[in-house]
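# Residue-level structural notes
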Amino acid sequence: MRAVPRDVNASLFKQQQCNENCRASKSLPRSTRLSDATLIRAVLAQKPKTTKFIACHILNEYDGFALTVPKKLAKRAVDRNKIKRLMREAYRQSPDTEAAQAVVLRLRKKIGDKTKNKLRESERLEIRKELASLRLRK
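Residues numbered from 1 in each chain as written. Predicted model: local features only at pLDDT ≥ 70, side-chain atom pairs only at ≥ 80, totals over all residues. Heavy atoms only, no water.

Turning next to the side chain of Thr 51. Following the sequence through the fold, Thr 51 ends up in the loop between strand S1 (49–50) and strand S2 (54–59). We classify Thr 51 as buried; its relative accessible area is 17%. A polar side-chain atom of Thr 51 sits 2.8 Å from a polar atom in the side chain of Glu 130. Sequence-distant contacts of Thr 51, defined by excluding residues within four places in its chain, comprise Arg 108, Glu 130, Ser 133 and Leu 134. (Helix = DSSP H or I, 4+ residues; strand = E, 2+ residues; numbered from the N terminus. Buried < 20%, exposed > 50% of the residue type's maximum accessible area, 1.4 Å probe, protein only. Polar contact = N/O pair within 3.5 Å; in protein donor to acceptor, adjacent residues only side chain to side chain. Contact = heavy atoms within 4.5 Å.)

On to a positive patch on the surface. A cluster of basic residues, Arg 30, Arg 33, Arg 85, Arg 88 and Arg 92, forms a positive patch at the surface. Tracing the backbone shows Arg 33 in the loop between helix H1 (12–21) and helix H2 (37–44). (Patch = residues over 30% accessible without salt bridge, like charges linked within 9 Å, V, L, I, M, F, W, Y side chains within 5 Å. Areas by Shrake-Rupley, 256 points an atom, 1.4 Å probe, with all protein chains shown as cover. Salt bridge = Lys/Arg side-chain N within 4 Å of Asp/Glu carboxyl O. Lys, Arg positive; Asp, Glu negative; His and termini not counted. Charge placed at Lys NZ, Arg CZ, Asp CG, Glu CD.)

Bringing the sheet that holds S1 into the picture now. Note: strands within a sheet are paired through backbone hydrogen bonds, in either parallel or antiparallel orientation. Within the open sheet, the 4 strands sit side by side as S1-S2-S4-S3. Their pairing is mixed. Looking along the sheet, the strands with just one partner apiece sit at the ends: S1 and strand S3 (64–68). As judged from the 6 bridges shared by S2 and strand S4 (residues 102–107), these two strands associate in the antiparallel manner. Opposite Ile 54, over in S4, you have Leu 107 as the bridge partner. Sheet strands in contact with H2 are S2, S3 and S4, and its direction is about 110° off that of S2. Strands in contact with helix H3 (residues 77–93) are S2, S3 and S4; relative to S3, the strand with the most contacts, it is inclined by about 155°. (Pairing = 2+ DSSP bridges. Axes fitted to C-alpha atoms, helices over the stretch in contact; angles between N-to-C directions.)

One finds Ile 54, Ile 83, Leu 105, Leu 107, Ile 127 and Leu 131 to be the most contacted residues of the largest nonpolar core, which totals 22 residues. If you list the elements that add at least two residues to this core, you get S2, S3, H3, S4 and helix H4 (121–134). With 5 residues, the single largest contributor to this core is H3. Excluding residues within four positions of it along the chain, Ile 127 makes contact with Phe 53, Ile 54, Ile 83, Leu 86, Ile 111 and Leu 119. (Core = buried A, V, L, I, M, F, W, Y, C linked by side-chain atoms within 4.5 Å.)

Where burial is concerned, most of S4 is hidden: 5 out of the 6 residues are buried. Pairing of S3 with S4, which is carried by 5 bridges, proceeds in the parallel orientation. Bridging across to S4, Phe 65 finds its partner in Val 103.

Okay, the side chain of Arg 80 next. Structurally, Arg 80 is set in helix H3. An unpaired buried charge is present at Arg 80: no salt bridge exists, and Asp 79, the closest side chain of opposite charge, is 7.9 Å distant. Not counting chain neighbours up to four residues away, the residues in contact with Arg 80 comprise Val 69, Pro 70, Lys 71, Ala 74 and Lys 75.

The terminal C-alpha atoms of H4 lie 20 Å apart, and with 14 residues this matches the ideal 20 Å at 1.5 Å per residue to within 8%. Buried residues of H4: Glu 123, Arg 124, Ile 127, Glu 130, Leu 131 and Leu 134, and no others. Buried positions in H4, seen along its axis, are confined to an arc of 125° and lie on one side of it. Facing away from the buried side of H4 by more than 90 degrees, the exposed set consists of Ser 122, Lys 129 and Ala 132. Buried-residue contacts for H4 involve S1, S2, H3 and S4. (Expected span 1.5 Å × (residues − 1). Arc of directions from axis to C-beta.)

Take a look at the structure:
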């Protein structure tokens, strides 16, 4: 017979550890994702703020976030995922406001032209700088 009923968590230490080390609190909530194709098209129809590598489309009527990194512009999946992580980090670290905005970040220039289609440290740092300068939320 069990000393502790099954519905009671016997290990408070494990529960506290999970709460401290849990990465879910730092991630973007699902409610911020834009998944409606017509809404994404409407946002992409807006004139973007552009930098060398990134285009940022903003529509003020809705709230959400989407990003695109085309395979034509970043051949390697590792590089596409790295760029997406950088974009999410920039969105997460941008200051929150009351206004609802739909934001779509898009890679607009091919990376790794001179380096056999590989994302190098210099390009990664430049993309990070550009994302910081965009100020995604007003």
